[in-house]
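These are the residues of each chain, in order.
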Amino acid sequence: MIKKLVAGNWKMNGSLAANEALLAALQPVPGVDVALCVPYPYLAQLQRRPSGFELGAQDVSEFAAGAYTGEVSAAMLTDFGCRYVIVGHSERRALFGEDDLTVARKASSALSAGLVPIVCVGETLDEREAGEVTAVITRQLAAVADLLGQEGLSRLVLAYEPVWAIGTGRSATAEQAEEAHAAMRGWLAGQGVDAGVIRILYGGSVKPDNAAELFAMPNVDGGLIGGASLVADDFMTICRAAGV
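In this text, all values refer to a predicted model and were calculated from it rather than measured experimentally.

> Help me understand the packing of helix α7 (residues 133-153) against helix α8 (residues 174-190), please; the structure alone is not making it clear to me.
Any two packed helices are characterised by how steeply their axes cross, that is the angle between the axes, and by the distance between the axes. One can describe the packing of α7 onto α8 by two numbers: an axis separation of 10 Å at closest approach and a directional angle of 40°. By the angle class used here, α7 and α8 are oblique. For the element pair α7 and α8, the recorded crossing hand is right-handed. Contacts between α7 and α8 involve T134, I137, T138, L141, A142, A145 and L153 on the former and, on the latter, A180, A183, M184, W187 and L188. Of the residues in the contact of α7 with α8, the class split is 10 nonpolar, 2 polar and no charged.

The structure is reproduced here in structure tokens:
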């Protein structure tokens, strides 16, 4: 079995004081990898995080260095001890115009610096209702595969996040998540990749009351957690559900 990964995505939330209070309430969970993906300004503060938690960022530049005002390179993230970086989150795609090729380039930049990209894919409600879930996901994955090849694909973490479930309080059912994850794993196998060792996370309104059911699905290898990652008790409950 793949060791499950739970990654908290704080999004644009936090303060120095609030972060300290949250960190003080977190405890490592045996048998589960846990990452905290925080806003750039708090990376230095999170270098003093509790043991048992990996550090991650929420985005990365596709460029290695240069005249790109406001961008943050993968090498800068590694300076702060980051292990993971979220790439292609639906909010980056929808609000900031990131297309599939940009996401692929960011994943490549992260890999080149030794980071593990958590590459997000997922469909809108209209696409789901049109029966296009698999087509949308495989299109998004194909852009990454075209740039990274088999070797690069094998080093990613993937996250399925149905756009209609992000921040809405709605979640895919465990069966819907499993169907999408199984399709992704099947597609990876078709690319000649050892799909059995690639972790595929579910992201989309994961909460303490649905985490165990989602994580029990055979192709769900953990979660990308948004709002619940800001509440210590909720986040810890979700992490413990991954360890069952």
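> I keep staring at helix α10 (residues 232-242) and nothing clicks. Help me out?
One full turn of an α-helix is made of 3.6 residues, so residues set three or four places apart face in the same direction. Among the residues of α10, those classed as buried are A232, F235, M236, I238, C239, A241 and A242. Along its buried surface, α10 packs onto β1 (5-9), α1 (16-24), β2 (33-38), α9 (211-215) and β8 (222-225).

> Could you clarify how one ought to interpret α1 in this entry?
Among the residues making up α1, those that are buried are N19, L22 and L23. Down the axis of α1, the smallest arc covering the buried residues is 95°, so these residues share one side. Exposed and facing more than 90 degrees away from the buried side of α1 are A17, A21 and A24. In this structure, the buried side of α1 is in contact with β2, α2 (43-46) and α10.

> Teacher, can you tell me more about the pattern of salt bridges here?
Between side chains of opposite charge, a pair can form as their charged atoms come close. Summed over all chains, the structure comprises 14 salt bridges. Members of the salt-bridge network, linked through shared partners, are D59, R92, E98 and K106.

> Looking at this model, I keep getting lost on unusual backbone geometry. Mind explaining?
Both trends apply: most residues other than glycine have a negative phi, and most peptide bonds are in trans. The backbone of K11 sits at a positive phi, close to 55°, despite the residue not being glycine. Along the chain, K11 turns up in the loop between β1 and α1. Even without a glycine there, the phi angle at S205 is positive, about 60°. Locating S205 in the fold gives a position in the loop between β7 (200-202) and α9. In this structure S205 comes out as buried when scored by relative accessible area, which is 15%.

Thresholds, definitions, all that
Residues numbered from 1 in each chain as written. Predicted model: local features only at pLDDT ≥ 70, side-chain atom pairs only at ≥ 80, totals over all residues. Heavy atoms only, no water. Axes fitted to C-alpha atoms, helices over the stretch in contact; angles between N-to-C directions. Helix = DSSP H or I, 4+ residues; strand = E, 2+ residues; numbered from the N terminus. Parallel < 35°, antiparallel > 145°, perpendicular 65-115°, else oblique. Left-handed = near helix turned anticlockwise from the far one by under 90°. Contact = heavy atoms within 4.5 Å. Nonpolar A, V, L, I, M, F, W, Y, C, P; charged D, E, K, R; others polar. Buried < 20%, exposed > 50% of the residue type's maximum accessible area, 1.4 Å probe, protein only. Arc of directions from axis to C-beta. Salt bridge = Lys/Arg side-chain N within 4 Å of Asp/Glu carboxyl O.

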